[in-house]
Amino acid sequence: MNNTILWYTTRGAGTVSLVLLSTVVVLGVLSSLRFESSSWPRFLTTGLHRNVALTTLVFLALHIVTAVVDPFTHLGWLAALVPFSSYYRTFWLGLGVIAFELLIAISVTSLARGLIGHSAWRAIHWLTYASWPVAVLHGFGTGTDTWSAWMLAIDLVCILAVAVAVSARLIARPPDPLAADRARFRERVTRKVTR
Amino acid sequence: MQDSKPNETRIRAREAASRMLTTVTAGVAFGAIAGVGLFGVVSAYTIPGVAADSTGATASTSTSTGSTSSALQSSSTTVGSSTSSGVAVSGGS
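Here's what I pulled together on the structure shown here.

Each value, and the rule that gives it
Residues numbered from 1 in each chain as written. Chains lettered and ligands numbered in written order. Predicted model: local features only at pLDDT ≥ 70, side-chain atom pairs only at ≥ 80, totals over all residues. Heavy atoms only, no water. Patch = residues over 30% accessible without salt bridge, like charges linked within 9 Å, V, L, I, M, F, W, Y side chains within 5 Å. Areas by Shrake-Rupley, 256 points an atom, 1.4 Å probe, with all protein chains shown as cover. Salt bridge = Lys/Arg side-chain N within 4 Å of Asp/Glu carboxyl O. Helix = DSSP H or I, 4+ residues; strand = E, 2+ residues; numbered from the N terminus. Phe/Tyr/Trp six-rings, centres within 6.5 Å; stacked < 30°, edge-to-face > 60°. Buried < 20%, exposed > 50% of the residue type's maximum accessible area, 1.4 Å probe, protein only. Lys NZ or Arg CZ within 6 Å of the ring centre and 35° of its normal. 1 Å grid on protein atoms, 1.4 Å probe; cavity = no way out; pocket = protein on both sides within 12 Å on 5 of 7 lines; lining within 4 Å. Points joined across faces, edges and corners; volume = space filled by probe spheres on them. Core = buried A, V, L, I, M, F, W, Y, C linked by side-chain atoms within 4.5 Å. Contact = heavy atoms within 4.5 Å.

Next up on the list: a nonpolar patch on the surface. Residue and element names in this part refer to chain A. A cluster of nonpolar residues, Val 65, Val 69, Trp 77, Leu 78, Leu 81 and Val 82, forms a patch on the protein surface that exposes about 550 Å² of accessible area. Secondary structure elements with two or more residues in the nonpolar patch: helix 2 (42–69) and helix 3 (77–81). In terms of residue count, helix 3 provides more of the nonpolar patch than any other element does, 3 residues in total. Structurally, Val 69 is set in helix 2.

This is the structure we're talking about:
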């Protein structure tokens, strides 16, 4: 395959991955806020959050694979799997590897949520709040198009969207008035099961 | 019998929402595929990279500053062993 196409695909897939990941974070916050309307039922947010998260992984894989197989960059698979092992922009590429591996951990534990329990899943899911900024920093540090006007506009929209969603999450009062009771009940059930 | 109507309405609403989820997911997936193509073209237009002739001498064809792609442009070994047309590209992700 033409090296040029691989390089452009890496950059295109990286941009799309950032947009998708930001969408996943916003949808995740919306589902935790139990957002719904007459035309948008709550399970649509949850379902879309899950589906877009899986789509993000596919495009991140495309971003990584095209970067690794590009013969010009000769990054190697080790650089794609082990953080800070790359000869090229060690720190910034390392951040990308960390963000990807955090996302893998979040996705796998979400799929195995029934096996690991709600508390463990929730604790690991909080890592999303670490993964997203790490991914954004990776883009700023090593992205070829970082300082292009169109990429800056995309970065700005993504950062604003996530900032607004997270602010709403922090400001909003607990949407479920029975949340404490539910948590207590869940704890009792978990204790009974483990006995 | 009177209770079945609200249930039917709920079932229909849920089915409609399920269809909507499928449609929106497919839209996101196709949009993302189109996005890779679109952003690939835009990135190619803004920072096309570096072309090298068969002697290994490089000449920048970039229409913008392309400052972030400089680290790989300095690699001369791969440029020399690139495709038959003698064109190589460089840059980060």
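Before going further, it helps to spend a moment on the packing of aromatic side chains. Two measures describe an aromatic ring pair: the distance that separates the ring centres and the angle between the ring planes. Residues and elements named next belong to chain A. Applying the stated criterion across every chain, the model contains 7 aromatic pairs over all chains. Where Tyr 87 meets Tyr 88, the ring centres are 6.2 Å apart and the plane angle is 45°; that geometry is what we call tilted. What makes Tyr 88 buried here is its relative accessible area of 5%. In textbook terms, an aromatic cluster arises when at least three aromatic residues are bridged by ring pairs, as seen for Phe 84, Phe 91 and Trp 92. It is Arg 11 that lies over the ring of Trp 7; its NZ or CZ is 4.2 Å from the centre. Of note, Arg 113 hangs over the ring of Trp 121, and the distance from its end group to the ring centre comes to 3.8 Å.

Right, let's talk about the layout of surface pockets for a bit. All names here are of chain A. The volume enclosed by the largest pocket comes to roughly 1700 Å³. As for the largest pocket, its lining consists of 50 residues, and the residues nearest its centre are Ser 32, Arg 113, His 118, Trp 121 and Arg 122. Going through the elements one at a time, helix 1 (3–32), helix 2, helix 4 (90–111), helix 5 (113–116), helix 6 (118–125), helix 7 (128–142) and helix 9 (179–194) are the ones with two or more residues in the lining of the largest pocket. Looking at which element gives the most residues to the lining of the largest pocket, the answer is helix 2, with 10 residues.

A word on the pattern of salt bridges. Residues and elements named next belong to chain A. Applying the stated criterion across every chain yields a total of 3 salt bridges over all chains. For the salt bridge of Asp 181 with Arg 184, the shortest nitrogen-to-oxygen distance reads 3.1 Å. Taken together, the residues span about one helical turn, with Asp 181 and Arg 184 both in helix 9 at a distance of 3 residues.

By size, the foremost hydrophobic cluster in this structure holds 35 residues, and its most contacted members are Val 16, Leu 20, Val 52, Phe 59, Trp 132 and Ile 154 of chain A. A total of 9 residues in this core trace back to one element, the largest contributor, which is helix 2 of chain A. Those residues within four positions of Phe 59 of chain A in sequence are excluded, and the remaining contacts are Ala 13, Val 16, Ser 17 and Leu 20 of chain A together with Ala 29, Ala 32, Ile 33 and Val 36 of chain B. Counting residues in hydrophobic clusters, the runner-up holds 5 residues, among them Ala 67, Leu 75, Tyr 88 and Leu 93 of chain A.

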